[in-house]
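Commentary on secondary and tertiary structure
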Amino acid sequence: MRRKIMLILFALQAFIFNLTNVVTPTYLKGLGLDNVYFGYFFGIWSLGMLISSPIWGNLGDKYGRKLFVVLGLCIYAVSQLVFYFTDSIPILILFRFISGIGIGAPVTLLLSHMISETRRINTATFLSHRMAFLTIGITISYKISGVLGAFYVTELFLIQSILTVVYIVLIIIFMKENNHKQCVIPRQLSLIESIKKLKLVDKENILFLFTITLATITFVNIDKFIDLYVIDQGYDSITLGNLKMVVGIITILTNFLIIPRVKKYLNNVLIMQSFQIVMAIIILIVFNDSRIILMLYTLFMLFVILKSIYTTSEQLYLSKKVSRKDMGLFMGIRQSFACLGMVIGPIIGGHIYQSGSGNLFVFCVICLLLSSIILSYIQGNEYTLEKKKELIQSR
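Everything numeric here is computed off the predicted structure, so don't read it as measured data.

**Let's talk about the packing of aromatic side chains**
Taken as a whole and judged by the stated rule, the model has 17 aromatic pairs. When the centroid spacing of 5.8 Å and the interplanar angle of 80° are considered together, the rings of tyrosine 229 and phenylalanine 287 count as edge-to-face. Taken together, the residues tyrosine 229 in helix H9 (residues 203–232) and phenylalanine 287 in the loop between helix H11 (269–286) and helix H12 (292–297) connect sequence positions 58 residues apart. A single burial state applies to tyrosine 229 and to phenylalanine 287, both of which are buried.

Listed below in structure tokens is the structure:
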């Protein structure tokens, strides 16, 4: 698939998938649910991704990714349509879970498809450009949904479902695949079996994947509960949409202007550890200041920049540890560790936020610091191994 078309599809995907995020707090409050359910609704969706991502990745590597991308999008379109037609809590929870299963396919397979078609030396550039185009889609989505959310709520779920159908048609037309042999349906691999197959069972790699879980817990709680936090401070969806738009613009500029210039330094554990410590400090300062809007538009934007660089860095670091033929399965495993944070983060975060919004941000700081400690251990081991190799070569 042509790279430019693929990046446009990433932007469109982000636009569609984030169209209802701004109105979700209002939607849940309209059902009479408290803040705890905000975490449950996002957590159960992430659980569907956690379970399905390795399966989609494995099937895509075996039989071709396009079929399963389309299948996953169909599941997602139907699930989102349910939110327009019913307000039954059990049904909504069920289809929220099914929606997560469906979305796991495009999230995992489109990334692995593009990486597999990109030369290894261009992987960092592609990842930064992909993040930028995703952010363009998210930014536009938040701005439009922020305005529409002041007048429409459930209607946005209907629009989201219709746009997903349009997106399916575009995938069918523009996604091209080659060299996928048809064969017998494979036995479904468990997460542990997938890890063993990719030789990721050594302690350092497992620990690194766990740092992704901890970082994701922080990022998803900040990203999702900041929506609720701004609304609870008395601001409307338009204010929230504008804030998210600025966050998107900063992310785009970071990925286009900063990351390409520093990418040669990104494959470094020490850099990732330093970024996590600085991000933890920023969270403590921003959410303990009474001038919340001012802080969100100033110091918090540094957090946004560091998060973008960190995300590209960890994906680049991991992309060098697997062969191209196993990229889909590998990205499925990486996505599962991220989804683990996306599951437990909002669920725990919902309860903590209910006890006091400030407590949630302290929890996020703790997760980042734990992650940085683990990265310090990994970095120490890598340094020791490098010294041993130098000693052997000198002999």
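**Some words on the packing of H11 against helix H13 (residues 299–319)**
For the pair H11 and H13, the least separation of the axes is 9 Å and the interaxial angle reads 155°. On the basis of the axis angle, H11 is roughly antiparallel to H13. Considering only the axes of H11 and H13, their crossing is left-handed. Touching Val269, Met272, Phe275, Gln276, Val278, Met279, Ile282, Ile283, Ile285 and Val286 of H11 are Leu299, Phe300, Leu302, Phe303, Leu306, Lys307, Ile309, Tyr310, Ser313, Glu314 and Tyr317, all from H13. Class assignment for the residues of the contact of H11 with H13 results in 17 nonpolar, two polar and two charged.

**Some thoughts on helix H7 (residues 154–174)**
Over its 21 residues, H7 runs 31 Å from end to end, which matches the ideal 30 Å to within 8%, given 1.5 Å per residue. Leu156, Phe157, Gln160, Ser161, Thr164, Tyr167, Ile168 and Ile171 are the residues of H7 that are buried. Looking down the long axis of H7, one finds its buried residues gathered within 140° of arc, a one-sided arrangement.

**A look at the environment of threonine 154**
On the secondary structure map, threonine 154 appears in helix H7. In this structure, the C-alpha to C-alpha distance between threonine 154 and phenylalanine 85, residues 69 residues apart in sequence, is 8.5 Å. If near-sequence neighbours (up to four positions away) are discounted, threonine 154 is found in contact with Tyr27 and Tyr84. Reaching out from threonine 154, the side chain makes a polar contact with the side chain of glutamate 155 at a distance of 3.5 Å.

Analysis parameters
- Residues numbered from 1 in each chain as written.
- Predicted model: local features only at pLDDT ≥ 70, side-chain atom pairs only at ≥ 80, totals over all residues.
- Heavy atoms only, no water.
- Phe/Tyr/Trp six-rings, centres within 6.5 Å; stacked < 30°, edge-to-face > 60°.
- Helix = DSSP H or I, 4+ residues; strand = E, 2+ residues; numbered from the N terminus.
- Buried < 20%, exposed > 50% of the residue type's maximum accessible area, 1.4 Å probe, protein only.
- Axes fitted to C-alpha atoms, helices over the stretch in contact; angles between N-to-C directions.
- Parallel < 35°, antiparallel > 145°, perpendicular 65-115°, else oblique.
- Left-handed = near helix turned anticlockwise from the far one by under 90°.
- Contact = heavy atoms within 4.5 Å.
- Nonpolar A, V, L, I, M, F, W, Y, C, P; charged D, E, K, R; others polar.
- Expected span 1.5 Å × (residues − 1).
- Arc of directions from axis to C-beta.
- Polar contact = N/O pair within 3.5 Å; in protein donor to acceptor, adjacent residues only side chain to side chain.

It is worth stressing that arrangement in space is one thing and function is another; only the former is reported here.
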